[in-house]
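# Descriptive structure summary
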Amino acid sequence: MIIYKSNKEFTDVLKKLKSCCLSKNIILHSDVFKLGFLKIKLSYLENLKLIHDLILDVFYDFEIIVPSFNYDFLVTKFYDVRKDKSQVGTLNEYFRKKYILNRTYTPVFNFISTKKNLIIKKASCIDPHGKKSFYNTAYEKNYDILFLGKFIPSMAHFVERKINVPYRYEKKFTGKIKYLDGKISPISIRYNVRPLFNGEIETDFNKIIRDLKKNKILFSIENRNSFVGCYNSKIVSDFWIKKNSSNNMYFLTKKSSEKAKILFKKFGYPLTFKKVESNF
């Protein structure tokens with residue numbers, strides 16, 4: 001699927017996104033396959049380099065922060081800062097390799113930055129969506145969030161944690177971390193998880209996008225199956241906090257809301273780790 005036929009066409013889109021930013025810091029989410037910008041004459045790695053270079057050309061005066069999430073820690077109980085690959089996209093993995101020295105130390109929810117003097121803290125955060133987390137920094141400092149190819153409700157998990165939605169419960173994961181210098185130390189995180197049995201509780205992406213557009217806080221360029229857009233982390237988070245104040249299951253599909261109500265009847269309201277996971 002080819003959407004952008006030239007470097008200039010893709011660069012012009014990036015410039016439109018940049019003009020909508022309210023800060024000088026962006027969190028970049030991407031899906032290269034859906035983005036639709038691939039040069040047939042180039043190898044896949046060369047295409048990733050081209051996309052990376054064009055992004056940096058346009059956002060030369062920004063700090064670009066890219067998720068390098070890796071979920072293996074939840075099973076292996078080991079986070080290797082240097083070797084654990086990003087599991088959230090091939091462009092993210094390209095950024096991770098290129099800027100590995102700037103990777104943060106929080107298991108699972110880690111990020112890299114394109115700046116050597118990064119503004120984000122590298123130290124591990126035990127609560128990846130809490131008051132001392134990267135997401136809270138993004139919220140307080142009004143970071144902008146860009147989507148290239150695919151929409152995800154970035155900041156939603158932070159909002160869910162902030163207001164303690166009833167369908168999530170806190171769970172602790174302990175293990176070890178291997179730092180860039182080879183040192184290995186104990187480490188742990190705790191974050192609010194959704195119960196995975198009895199059918200997944202799913203997010204209503206269509207409703208979220210529709211409401212953001214209706215309230216004119218999401219700028220988007222959609223072409224076929226590709227989504228390119230941006231929004232401000234604080235503006236959108238505040239909007240979602242307000243929405244959840246009247247319906248604390250706002251993020252969920254109707255079907256998932258009904259599933260959650262069944263779980264409440266079985267395990268109590270709100271869900272807790274002790275009541276839910278002791279039943280396994």
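Just above sits the structure.
Reading guide: rules and limits
- Residues numbered from 1 in each chain as written.
- Predicted model: local features only at pLDDT ≥ 70, side-chain atom pairs only at ≥ 80, totals over all residues.
- Heavy atoms only, no water.
- Pairing = 2+ DSSP bridges.
- Helix = DSSP H or I, 4+ residues; strand = E, 2+ residues; numbered from the N terminus.
- Axes fitted to C-alpha atoms, helices over the stretch in contact; angles between N-to-C directions.
- Contact = heavy atoms within 4.5 Å.
- Expected span 1.5 Å × (residues − 1).
- Buried < 20%, exposed > 50% of the residue type's maximum accessible area, 1.4 Å probe, protein only.
- Patch = residues over 30% accessible without salt bridge, like charges linked within 9 Å, V, L, I, M, F, W, Y side chains within 5 Å.
- Areas by Shrake-Rupley, 256 points an atom, 1.4 Å probe, with all protein chains shown as cover.
- Salt bridge = Lys/Arg side-chain N within 4 Å of Asp/Glu carboxyl O.
- Lys, Arg positive; Asp, Glu negative; His and termini not counted.
- Charge placed at Lys NZ, Arg CZ, Asp CG, Glu CD.
- Parallel < 35°, antiparallel > 145°, perpendicular 65-115°, else oblique.
- Left-handed = near helix turned anticlockwise from the far one by under 90°.

## Regarding the sheet that holds strand β8 (residues 219-223)
As summarised here, the arrangement of the 6 strands in space is β4-β2-β1-β5-β9-β8, forming an open sheet in which the pairing is mixed. At either margin of the open sheet sits one strand with a lone partner, and together these are β4 (111-113) and β8. Strand-to-strand, the axes of this sheet are offset by a mean angle of 15°, without reference to chain direction. Pairing geometry for strand β1 (residues 25-30) and strand β5 (residues 144-149), over 5 bridges, is parallel. Residue pairing across strands places Ser30 opposite Leu148, the latter belonging to β5. On top of the sheet, helix α9 (residues 233-246) reaches β5 and β9 (226-232); it is set at about 85° to β9, its chief contact.

## Structural notes on helix α3 (residues 44-58)
A rise of 1.5 Å per residue sets the reference length of α3, with its 15 residues, at 21 Å; its end C-alpha atoms lie 22 Å apart and thus fit the reference within 8%. Turning to α3, its buried residues number three or more, namely Asn47, Leu48, Leu50, Ile51, His52, Leu54, Ile55 and Val58. Turning to α3, the residues buried within the fold contact α1 (7-19), β1, α2 (32-35), β2 (63-67), α5 (90-98) and β5.

## Observations concerning the environment of Pro166
Structurally, Pro166 can be placed in the loop between α7 (156-163) and β6 (169-178). The exposure class assigned to Pro166 is buried, which follows from its relative accessible area of 2%. Taking the C-alpha atoms as reference points, Pro166 and Met249, 83 residues apart in sequence, are found 8.0 Å from one another. In contact with Pro166, other than residues within four places in its own chain, are Asn248, Phe264, Tyr269, Pro270 and Leu271.

## Looking at the side chain of Ser185
Tracing the sequence through the fold places Ser185 in strand β7 (residues 184-193). Once you skip the residues sitting within four places of it in the chain, Ser185 turns out to touch Gly175, Lys176, Ile177 and Tyr179.

## Some points on the environment of Thr104
Tracing the backbone through its elements, the reader meets Thr104 in the loop between α5 and β4. The spacing of Thr104 and Pro67 is 37 residues in sequence and 9.8 Å in space, taken between C-alpha atoms. Setting aside residues no more than four positions away along its own chain, Thr104 makes contact with Tyr79, Asn110, Phe111, Ile120, Lys121 and Lys122.

## Here we look at the pairing of β5
Among the 6 residues of β5, 6 are classified as buried, and the element is accordingly described as predominantly covered. As defined by bridge partners, β5 adjoins β9 across 6 bridges and the pair is classed as antiparallel. Directly across from Leu148, in β9, lies its bridge partner Val228.

## Considerations on a positive patch on the surface
A surface patch of like charges, here positive, comprises Arg210, Lys214, Lys242, Lys243 and Lys254. Mapped onto the secondary structure, Lys254 falls in helix α10 (residues 254-267).

## Examining the packing of α7 against α9
When two helices pack together, their arrangement is given by the angle between the helix axes and the distance between those axes. Axis separation between α7 and α9 bottoms out at 10 Å; the angle between their running directions is 45°. Judged by the angle between their axes, α7 and α9 are oblique. Relative to α9, the crossing made by α7 is right-handed. Listed contacts from α9 to Ala156, Phe158, Val159, Lys162 and Ile163 of α7 are Ser237, Trp240, Ile241 and Asn244.

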